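So the chains spell out like this:
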Amino acid sequence: LGLAMTGVTAVAAVNIAGKRARARRDDLLDEALSPPEDVTHHDIATADGGSVHVVDTGAGQPVVLLHGVTLQWWVWSAVIRMLRADHRVIAWDMRGHGRSVAGRRGVSLEACADDLTAVLETFDLRDAIVVGHSMGGMVLGRFVVQSADVARDRVGGAVFLATSCNSL
């Protein structure tokens, strides 16, 4: 019972802290972090009955952004704004996230890697820089192993992005 109460207390504390953080306003950051409205939305059907929601903006060498677990395409909003003047920026909701639907295969790294292949092929991307954050990095790693031929033909670079909440 003690362990259960500790867990409930921890969840409640995180919930309270999250509400406080979301209630804070910063004019400069709020504008940069708000989802850009002038992106083109697409939905790609997956072979297992799901769909992948993709946003597209800009022109130039493509940059494909893969978010972390429980996140959505718009977490890249500030990055999208910075890159789209010189790059075509593609961001997507991985299956089971945002407006994407998981399909029969569920939310596995293998299925998400196949979805990345579908995004690269649907938009006929070449020399793309693919950036994976957290779970997105795991999907990118699985993609490179699972679809080496597609990676060789369509990817010009891979970035595995980690985050940390400390100053080290």
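To keep things clear, this report deals only with the structure shown in the data block.

Conventions and cut-offs
Residues numbered from 1 in each chain as written. Predicted model: local features only at pLDDT ≥ 70, side-chain atom pairs only at ≥ 80, totals over all residues. Heavy atoms only, no water. Core = buried A, V, L, I, M, F, W, Y, C linked by side-chain atoms within 4.5 Å. Buried < 20%, exposed > 50% of the residue type's maximum accessible area, 1.4 Å probe, protein only. Helix = DSSP H or I, 4+ residues; strand = E, 2+ residues; numbered from the N terminus. Contact = heavy atoms within 4.5 Å. Pairing = 2+ DSSP bridges. Axes fitted to C-alpha atoms, helices over the stretch in contact; angles between N-to-C directions.

Let us look at the nonpolar core. Grouped burial of nonpolar side chains is what soluble globular proteins tend to show. Core analysis: the biggest nonpolar cluster contains 24 residues, and Val 64, Trp 92, Leu 116, Leu 120 and Phe 143 have the highest contact counts within it. Listing elements by their share of this core, those giving two or more residues are strand E2 (51–58), strand E3 (61–66), strand E4 (87–93), helix H4 (109–122), strand E5 (128–133), helix H5 (135–146) and helix H6 (148–154). Looking at this core, the element that brings in the most residues is H4, giving 5 residues. Trp 92 has contacts with Val 52, His 53, Val 54, Val 64, Leu 65, Leu 66, His 67, Trp 73, Cys 112, Asp 115, Leu 116 and Val 119, leaving out every residue within four places of it along the chain. Listed in part, the 10 residues of the second largest apolar core include Val 39, Val 63, Leu 65 and Trp 73.

Our next topic: the sheet that holds strand E6 (residues 155–161). Pairing is mixed across the open sheet formed by 6 strands, whose spatial order is E1-E2-E4-E3-E5-E6. If you trace the sheet from one side to the other, it starts and ends with strand E1 (40–45) and E6, each paired once. Between one strand and the next, the sheet's axes are offset by a mean angle of 20 degrees, whatever the strand orientation. Judged from the 6 bridges that link them, E3 and E4 form a sheet pairing that is parallel. Note on E4: the bridge partner recorded for Gln 61 is His 87. Together, E1, E2, E3, E4, E5 and E6 form the strand contacts of H4, whose direction differs from that of E4 by roughly 145 degrees. Sheet contacts for H5: E3, E5 and E6; angle to E5, the most-contacted strand, approximately 130 degrees.

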